[in-house]
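A closer look at the structure
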Amino acid sequence: MKTKTLLGSTGRLGLLALASFASPAALAGDSGWYLGGNAGLAQASIDDQGITAGLLGNGFTTTGIRDDESDLGFKLFGGYQLNRHFALEAGYFNLGEFDFTATTVPAGTLAGRIKLSGLNLDAVGRLPFTERFSAFGRAGVNYAEAKDRFTGTGAVNVVQPKRDKRDANYKFGLGLQYELTERLGLRAEAERYRIDDAVGSKGDVDLLSLGLVYRFFGASPATAVAVAPPAPLVRPPPPAPAPAAPVVASAPPLMAVRFSANSLFDFDQSSLRPEGRPALDQFAAQLRGVQYERITVTGHSDRIGTEAYNLRLSSERAQAVKDYLVQSAGIAADSVSVRGVDGAQPLTKAGDCSDEQPRAERIACLQPDRRVEVEVSGTRSSP
């Protein structure tokens, strides 16, 4: 007997509508290679009506059909990010297998199973919501291999139990990506693959998956973790006091020190790196013997990202510096104040770092703006 289609002419499972929302942080550099992998639920719609009609055409009445329309699917991919908004991506996918068993009169069964795997090439467009969170869409071509296997029992006799087909069809999808770090991202995707089922029909298989992306671009590790103990910018003392003046000279602020954010924190993070603590220890040692009245810690961000996010990140970094000085150097907490600045006081000039630069270059160009400044007001005893 001849069997009809295993997959329907149209997919019955719609793409998952993934809600977009804003979340702060920083996308990595704009161009370069990346690798990744996803895994999740693959869903097909088996064409029960077509199977029933095919059996009826061969003299069988279908009394029931059991379908297994879902399985674990996965994909492995690599891509090249052309710029902030566009990439090309290629990979291997395996959509698992789907099967059915139909019972018939005259007494018998017809069982079918299809396995799907192949290669794909996609164009990917990205829409950033924030510096860390973005949506993307893809459209491309898949070259899939469908392996169909059929068995019959009782009165049902399958003439051709094995059928294989390779063919190219379209695919498309939507997704969201969240940057966990400068190089590692988390993806959630919904994709639809158009498939030839090897028995004369086309159908849709949907893959809903989660995965990770590792990028080989962005700021180099050396740039991100370089630590150079800052040289305190000690402002000159006031003119020597007149003979009748007290022996203690007041010059607030007495000391001003600037720390590069790269030396204290990982990119887009507010937890102190172990490598940055010696610089703060050195600063604390310079306070010994100083009768300070007030210490002000100010965090500064660059101008990438939203104002609200930059203000929060710079404030959290200033607080982290204060906490360390209080805990490790014994500085009184009530003598230290913190504040954040949302990029409104840059050290770079307005025309230095263009928005048209690739993101990796722009991030590196704006590095001087990402900093923490500490000012000490007080008195120092005259020698």
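Shown above is the structure to which this text applies.
Residues numbered from 1 in each chain as written. Predicted model: local features only at pLDDT ≥ 70, side-chain atom pairs only at ≥ 80, totals over all residues. Heavy atoms only, no water.

Here's the deal with the overall build of the protein
For clarity, the cut-off: Numbered from the N terminus, helices here are DSSP runs of H or I no shorter than four residues, and strands are runs of E no shorter than two. Whether two residues are in contact is decided by their heavy atoms, any of which lying within 4.5 Å being enough. Only the protein chains shown count as cover for residues, with accessible areas throughout obtained via the Shrake-Rupley method and a probe of 1.4 Å.
Regarding its fold elements, the protein presents 6 helices and 14 strands. At a minimum sequence separation of 6, the contacts of the protein that also span at least 24 residues come to 75%. Just so you have it, the protein exposes about 18000 Å², and 58% of that area is on carbon and sulfur atoms.

Observations concerning the packing of helix H4 (residues 277-286) against helix H5 (residues 307-329)
Selection rule: Between N-to-C directions, angles cover 0 to 180 degrees, with each direction set by a line fitted to C-alpha atoms, over the stretch in contact for helices. Two helices crossing with the near one rotated counterclockwise from the far one by less than a right angle form a left-handed crossing, whereas a clockwise rotation gives a right-handed crossing.
At a closest axis distance of 10 Å, the pairing of H4 and H5 adopts a crossing angle of 65 degrees. Between H4 and H5 lies a crossing of right-handed hand. On H5, the residues that touch Arg277, Leu280, Asp281, Phe283 and Ala284 of H4 are Val321, Tyr324, Leu325, Ser328 and Ala329.

Section: unusual backbone geometry
It is generally the case that most residues other than glycine have a negative phi and that most peptide bonds are trans. Cis geometry is adopted by the peptide bond preceding Pro106, which originates at Val105 and carries an omega value of 0 degrees. Summarising the element assignment, Pro106 is placed in the loop between strand S4 (86-105) and strand S5 (108-128).

Quick notes on the pattern of salt bridges
Threshold: Salt bridge, as applied in this entry: a Lys or Arg side-chain nitrogen positioned within 4 Å of an Asp or Glu carboxyl oxygen.
All told, the structure shown has 27 salt bridges when counted by the stated rule. Salt-bridge contacts for Lys171 lead to Glu191; the nearest nitrogen and oxygen are separated by 2.8 Å. Of the two residues, Lys171 is situated in strand S7 (residues 162-179) and Glu191 in strand S8 (residues 184-196); the sequence distance between them amounts to 20 residues. Linked through salt bridges whose partners overlap, the residues forming this network are Lys75, Glu89, Asp122, Arg138, Lys171, Arg187, Glu189 and Glu191.

Quick word on the pairing of S4
Rules: For two strands to count as paired, DSSP must find a minimum of two bridges between them.
Of the strand pairs in this sheet, strand S2 (residues 61-68) and S4 are connected by 7 bridges, and their pairing is antiparallel. Bridged to Thr62 within S4 is Thr104. The pairing of strand S3 (residues 70-81) with S4 spans 8 bridges and is antiparallel. Considered in S4, the bridge of Gly79 is made with Glu89. The hairpin turn running from S3 into S4, its antiparallel successor, is 4 residues long. Two strands pair when backbone bridges link them, and S4 and S5 are joined in this way by 18 bridges, in the antiparallel orientation.

Looking at the side chain of Thr298
Note the cut-off: For every residue, the accessible area obtained with a 1.4 Å probe (protein chains only) is divided by the maximum for its type, and the residue is called buried under 20%, exposed over 50%, and partly exposed between those limits. N or O atoms within 3.5 Å of each other form a polar contact, as long as, within protein, one can give a hydrogen and the other can take it, and as long as residues adjacent in sequence are counted only when both atoms are side-chain atoms.
Looking at where Thr298 falls in the secondary structure, it is placed in strand S12 (residues 291-300). Here Thr298 falls in the buried class, since its relative accessible area comes to 6%. A polar side-chain atom of Thr298 sits 3.4 Å from a polar atom in the side chain of Arg339. Once residues lying within four places of it in the same chain are set aside, the contact partners of Thr298 are Ala318, Arg339, Val341, Arg371, Val372 and Glu373.

Let's talk about the state of the cysteines
Definition in use: In this description, the term disulfide denotes a pair of cysteine sulfurs within 2.5 Å.
Overall, the coordinates contain 1 disulfide when judged by the stated rule. Disulfide pairing places Cys353 opposite Cys365 at an S-S distance of 1.9 Å. Disulfide Cys353-Cys365: torsion about the S-S bond near -80 degrees, hence left-handed. With Cys353 in the loop between strand S13 (336-341) and helix H6 (359-365) and Cys365 in helix H6, this residue pair connects regions lying 12 residues apart in the sequence. Classification of Cys365 as partly exposed rests on a relative accessible area of 23%.

Digging into the pairing of S12
Note: S12 against S13, 6 bridges, orientation parallel. Its bridge partner lying in S13, Gly299 is registered against Gly340.

A few points about the environment of Val372
In this structure, Val372 sits in strand S14 (residues 371-381). Residues Val372 and Asn262, spaced 110 residues apart in sequence, show a C-alpha to C-alpha distance of 9.9 Å. Sequence-distant contacts of Val372, that is, excluding residues within four places in its chain, are made with Val257, Arg258, Phe259, Leu264, Phe265, Val297, Thr298, Gly299, Arg317 and Val321.

By themselves, these figures tell us nothing about what the structure is for.
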